[in-house]
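An overview of the molecular structure
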Amino acid sequence: MSNSDWTHEFLATNGITLHCVTQGQGDLMVMLHGFPECWYSWRHQIPEFAQQYRVIAPDLRGYNESDKPKGVEAYRMSELVKDVEGLVHRAGYDRCILVGHDWGGAIAWNVAITCPDLVERLIVMNIPHPAKFAAGLQTPQQLMRSWYVFFFQIPWLPEWLISLNDYEAIASAFLDMAVDKSAFSPADIDVYKDVAAKRGGLTAMLNYYRSLLQHPSQAIDRQWPVIHSPTLMIWGENDAALGIELTYGTDQYVSNLDICYIPHCSHWVQQEQPHQVN
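None of these values were measured; they are calculated from a predicted model. (Residues numbered from 1 in each chain as written. Predicted model: local features only at pLDDT ≥ 70, side-chain atom pairs only at ≥ 80, totals over all residues. Heavy atoms only, no water.)

1. As for the packing of helix H7 (residues 157-175) against helix H9 (residues 201-214)
Contact geometry for H7 and H9: axes closest at 10 Å, N-to-C directions at 140°. Classified by the angle their axes make, H7 and H9 are oblique. Here the hand of the crossing between H7 and H9 comes out right-handed. Contact residues: Pro158, Glu159, Ile162 and Tyr167 in H7; Leu202, Thr203, Leu206 and Arg210 in H9. In terms of residue class, the contact of H7 with H9 is made up of 5 nonpolar, 1 polar and 2 charged. (Axes fitted to C-alpha atoms, helices over the stretch in contact; angles between N-to-C directions. Helix = DSSP H or I, 4+ residues; strand = E, 2+ residues; numbered from the N terminus. Parallel < 35°, antiparallel > 145°, perpendicular 65-115°, else oblique. Left-handed = near helix turned anticlockwise from the far one by under 90°. Contact = heavy atoms within 4.5 Å. Nonpolar A, V, L, I, M, F, W, Y, C, P; charged D, E, K, R; others polar.)

2. Quick word on the pattern of salt bridges
Two side chains bearing opposite charge may form a pair once their charged atoms approach each other closely. Scanning the entire structure with this criterion turns up 9 salt bridges. Between glutamate 245 and arginine 145 there is a salt bridge; the shortest N-O distance is 3.2 Å. Pair noted here: glutamate 245 is in the loop between strand E7 (231-236) and strand E8 (257-262) and arginine 145 is in helix H5 (residues 140-145), with a separation of 100 residues, a long-range link. Arginine 145 sits in the partly exposed class, given a relative accessible area of 28%. (Salt bridge = Lys/Arg side-chain N within 4 Å of Asp/Glu carboxyl O. Buried < 20%, exposed > 50% of the residue type's maximum accessible area, 1.4 Å probe, protein only.)

3. What about unusual backbone geometry?
In this structure, proline 36 follows phenylalanine 35 across a cis peptide bond, with omega equal to -5°. Turning to its location among the elements, proline 36 is positioned in the loop between strand E3 (28-32) and helix H1 (46-49). With a phi close to 55°, asparagine 14 is a non-glycine residue in the positive phi region. Note on placement: asparagine 14 falls in the loop between strand E1 (7-13) and strand E2 (16-23).

4. Points about the confidence of the model for the chain
Mean pLDDT for the chain: 96, with 97% of residues reaching 70 or above. Ranking the elements of the chain by mean pLDDT puts helix H4 (residues 130-136) last with 93 and E3 first with 99. (pLDDT = per-residue confidence, 0-100.)

5. A few points about the packing of aromatic side chains
Throughout the structure, instances matching the rule amount to 18 aromatic pairs. Here the aromatic rings of tryptophan 103 and tyrosine 208 are separated by 5.2 Å at their centres, their planes lie at 70°, and the arrangement is edge-to-face. Of this pair, tryptophan 103 sits in helix H3 (residues 103-114) while tyrosine 208 sits in helix H9, and the two are 105 residues apart along the sequence. Measuring from centroid to centroid gives 4.6 Å for phenylalanine 174 and tyrosine 192, while their planes differ by 15°, and the two rings are stacked. Remark: tyrosine 192 occurs in helix H8 (residues 186-197) and phenylalanine 174 occurs in helix H7; sequence separation between them is 18 residues. With relative accessibility at 0%, the residue phenylalanine 174 sits in the buried group. (Phe/Tyr/Trp six-rings, centres within 6.5 Å; stacked < 30°, edge-to-face > 60°.)

Laid out in structure tokens, this is it:
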């Protein structure tokens, strides 16, 4: 199978419409991208897994061709979870193999926690369990790595800075962090610049971070139900944004856990080391 076999669809869920790239037949596999990306971050995975599954890779709300509801409230985690729940049912399934990277992984963790029957298997890449992330933000080293989360809380200024010099900050996010910079062609970078340049898109993307701090449900003392879906964590060891120590102790929240560490690989794990990830 090749990327010429995938199709673009618009699926209604939770009161909005999500643009999705779909390919294949069989059990459902849903792939959720991170910031500042879109469905395209799964370009190496979609044709591979479409040989066995029906793969759906949506643009998350606020991104690319999907609806961009206004206001920070529209990007609460509870809404993002409902988007996935509705997407699975709209596609005609009761459950799925749920795959997520970065923000998509954060959503995937929360879907597995709040809608366990929906998740047959869980695969998360370079994003810790929410309890581990909340604990990490109590440490100076992770606070320093996560400086951008706090910077993004400022109105309009982050949007302005990111858009300067033809969205140079978007290119830097990939190329400065990547270990193997050849994993991103100029055309790849242009895709992500175009996503950020869509009208209203950049504010929508940053509203994920603004909602995160306005609704800090990730309290450390919260009682987290154990996830029983078989879970695979894939972690690029050279992640500049998230320390590898955030993966340690995840097994207290997940009963059936495998962790695969990929050396010489950055945060952009499925794009930088696609064959190993696949």
